[in-house]
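A closer look at the structure
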Amino acid sequence: MACSGPSVYIHGVSADEQRRLSALNDYINDACLREIAVAPGQRVLDVGCGLAQFTRAMARVVGPTGRVLGVEKDEAQLAEAQRQAAAAAEESLIELRAGDAATLPLSPAEWGSFDVAHARFILEHVGDPLSVVKQMVQAVRPGGRVVLADDDHDVLRLYPEPPGFSALWQAYMRTYDRLGNDAYVGRRLVSLLHQAGAKPLRNNWIFFGSCAGHAMFEPLVNNALGILRGAKETILRFNLYDPADFDTTLAHFEQWGKRPDAALWFSICWAEGKR
Ligand SMILES: C[S@@+](CC[C@H](N)C(=O)[O-])C[C@H]1O[C@@H](n2cnc3c(N)ncnc32)[C@H](O)[C@@H]1O
């Protein structure tokens with residue numbers, strides 16, 4: 001059963017969590033950038049931009065004749081986004097604005113002006129993803145693109161399966177509906193584009209897995225560990241997993257990450273439509 005009221009961002013904004021989000025960006029931004037294929041001179045809106053690493057990656061492509069605006073509701077994320085942009089001497093590449101994805105903080109002149117509106121890993125954290133996609137459709141010009149990338153957590157597969165992991169992952173997915181969110185929103189992306197009045201154009205997977213022997217395997221295992229550690233309080237508060245087993249299962253998973261035959265299969269759902 002979903003709780004009522006505003007959605008809770010389950011990952012939070014601690015320094016550890018921000019490090020996890022940055023590492024995740026390092027891994028998938030090139031693939032996402034290839035997929036979105038923004039072009040020099042384009043005006044781009046990044047909704048729920050988080051630490052704005054991908055916002056800056058898009059800004060490097062659109063160049064000085066383009067414009068990239070990132071919208072983020074959390075002040076701590078915005079502050080870290082500003083800090084990272086300054087550290088990379090890229091402050092002038094992007095504009096960051098505080099605001100909610102469901103009521104985008106755009107001026108009358110900005111509505112209907114963007115060439116591309118993008119949202120990644122945010123629809124899974126809002127109670128009404130359709131209202132966000134509708135806003136994005138209204139933000140782009142006629143013929144402009146709306147690009148959505150998000151998780152369907154149910155596609156995760158580990159082999160060989162570490163003891164208890166599957167039940168713990170199920171418990172993590174259950175926290176989404178307890179918080180009023182959708183852990184499987186990825187599979188709905190094309191449908192959301194259609195319902196929001198955009199014309200769906202294509203969908204794809206962005207591979208986000210790895211295996212023993214690959215440089216990204218340890219970071220990806222650490223990413224999953226960070227997610228589950230961060231969600232521990234929520235999982236236990238909703239009685240979704242036996243508290244006595246939680247740490248043991250995580251320890252099994254951490255050990256599993258050192259196996260020479262371990263494989264983690266995961267992909268992000270990606271969809272594009274036009275107004
Ligand atoms: C998992 S992070 C993804 C950030 C970024 N899009 C990326 O891919 O790296 C989700 C971000 O969405 C933000 N967020 C959650 N709900 C939001 C809302 N209703 N409006 C704007 N931002 C929101 C969170 O604060 C967080 O920074």
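Heads up: the structure comes first, above all this text.
Note that this is a predicted model, so its numbers are computed, not measured.

For the rest of this paragraph, the subject is the overall build of the protein chain. Counting its secondary structure elements, the protein chain contains 8 helices and 10 strands. The C-alpha radius of gyration of the protein chain comes to 19 Å, within 12% of the 19 Å expected for a compact globule of 275 residues. By principal-axis analysis of the C-alpha atoms, the protein chain measures approximately 55 × 40 × 35 Å. Out of the 275 residues in the protein chain, the part that is buried amounts to 41%. Taking all contacts inside the protein chain whose residues are at least 6 apart in sequence as the whole, residues at least 24 apart take part in 80%.

Turning to the sheet that holds strand E6 (residues 157-159), a few remarks are in order. Pairing in this open sheet of 3 strands is antiparallel, and the strands run E6-E9-E8 from one edge to the other. Each edge of the sheet is formed by a strand with only one pairing partner; in this case those strands are E6 and strand E8 (210-211). For E6 and strand E9 (residues 263-265), the ladder comprises 3 bridges, and the chain directions are antiparallel. Following the sheet pairing, tyrosine 159 is matched in E9 by alanine 263.

Another aspect to go through is the nonpolar core. Ranked by internal contacts, the top residues of the largest apolar core, which has 73 residues, are Val47, Ala117, Val133, Met136, Val146, Leu148 and Leu193. Ranked by the residues each element gives to this core, the list is headed by helix H7 (residues 217-237), at 6 residues. Leaving out residues up to four positions away in the same chain, leucine 148 has contacts with Ala119, Leu123, Val133, Leu189, Leu192, Leu193 and Ala271.

Let us now look at the pairing of strand E1 (residues 43-47). With 5 of its 5 residues buried, E1 lies for the most part within the structure. With burial as the criterion, each face of E1 is covered, one bearing Arg43, Leu45 and Val47 and the other bearing Val44 and Asp46. Bridging between E1 and strand E2 (residues 67-72) involves 5 bridges; their strand directions are parallel. Residue pairing in the sheet places aspartate 46 in a bridge with glycine 70 of E2. For the segment spanning E1, helix H2 (residues 53-62) and E2, crossover handedness is right-handed.

Among the 6 residues that make up E2, 5 are buried, leaving the element largely enclosed by the rest of the structure. Tracing the backbone out of E2, into helix H3 (residues 75-87) and back to the parallel element strand E3 (residues 95-98) gives a crossover that is right-handed.

Each value, and the rule that gives it
- Residues numbered from 1 in each chain as written.
- Predicted model: local features only at pLDDT ≥ 70, side-chain atom pairs only at ≥ 80, totals over all residues.
- Helix = DSSP H or I, 4+ residues; strand = E, 2+ residues; numbered from the N terminus.
- Rg over C-alpha atoms; globule rule 2.2 N^0.38 Å.
- Buried ≥ 20, exposed ≤ 12 C-beta atoms within 10 Å, placed from the backbone.
- Contact = placed C-beta atoms within 7 Å.
- Pairing = 2+ DSSP bridges.
- Core = buried A, V, L, I, M, F, W, Y, C linked by C-beta atoms within 7 Å.
- Right-handed = clockwise from strand over helix to strand, strands pointing away.

Everything listed here is a matter of geometry and, on its own, says nothing about what the molecule does.
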